[in-house]
Amino acid sequence: MEPIKVNPASLDKIASDLKKDPETAIGNYLYKGFRIQISKYKASGAERVQQLYKRRRENGMCIVCGTKVSRKNPATGKLYRLCDYHRSLIDQKNKEKSAKAKKAKKA
């Protein structure tokens, strides 16, 4: 991800966010040619992936590839987690798994 360009007022807001809720301040920032990275020290891979997925969901992006999701779930009214391409891939895998389970159950 590209760093977000900030001004002195934004830096003050980031610092206050860091005091209140550090999770909201995580990111890369660019200030007068300096890159400021705020991240959790020694975060596990699972924590980093969880943060990435959360950030993508909030921005309406596919959690796998990051493309913009346009379709909404009719039951909840929220955007789907996955783009149409990845939804079709996962649906196909689920259909294959259920077919194998049915065959195994019959045998």
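Fair warning: this is a prediction, and the values are worked out from it, not measured in the lab.

Novice: Break down the packing of aromatic side chains for me, with residues and values.
Specialist: When we look at a pair of aromatic rings, we describe it by the centre distance and by the angle of the planes. As enumerated under the stated definition, the model contains zero aromatic pairs in all. For Arg-87, the ring lying beneath its charged end belongs to Tyr-80, and the centroid distance is 3.6 Å.

Novice: Account for a nonpolar patch on the surface, naming residues and giving values.
Specialist: A contiguous nonpolar surface patch, about 280 Å² in accessible area, is contributed by Tyr-85, Leu-89 and Ile-90. Tracing the sequence through the fold places Ile-90 in helix H4 (residues 84-106).

Novice: Give me the pattern of salt bridges: which residues, what numbers.
Specialist: Tallied over the full model, the rule gives three salt bridges. With its nearest N and O atoms 3.1 Å apart, the salt bridge here joins Asp-17 to Lys-13. Residue Asp-17 and its partner Lys-13 are located together in helix H1 (residues 8-20), separated by four residues, close to a single helical turn. The partner of Lys-40 in a salt bridge is Glu-47, with the nearest N and O atoms 3.1 Å apart.

Definitions and limits used
- Residues numbered from 1 in each chain as written.
- Predicted model: local features only at pLDDT ≥ 70, side-chain atom pairs only at ≥ 80, totals over all residues.
- Heavy atoms only, no water.
- Phe/Tyr/Trp six-rings, centres within 6.5 Å; stacked < 30°, edge-to-face > 60°.
- Lys NZ or Arg CZ within 6 Å of the ring centre and 35° of its normal.
- Patch = residues over 30% accessible without salt bridge, like charges linked within 9 Å, V, L, I, M, F, W, Y side chains within 5 Å.
- Areas by Shrake-Rupley, 256 points an atom, 1.4 Å probe, with all protein chains shown as cover.
- Salt bridge = Lys/Arg side-chain N within 4 Å of Asp/Glu carboxyl O.
- Helix = DSSP H or I, 4+ residues; strand = E, 2+ residues; numbered from the N terminus.

Keep in mind that these numbers describe shape and distance, not what the molecule does.
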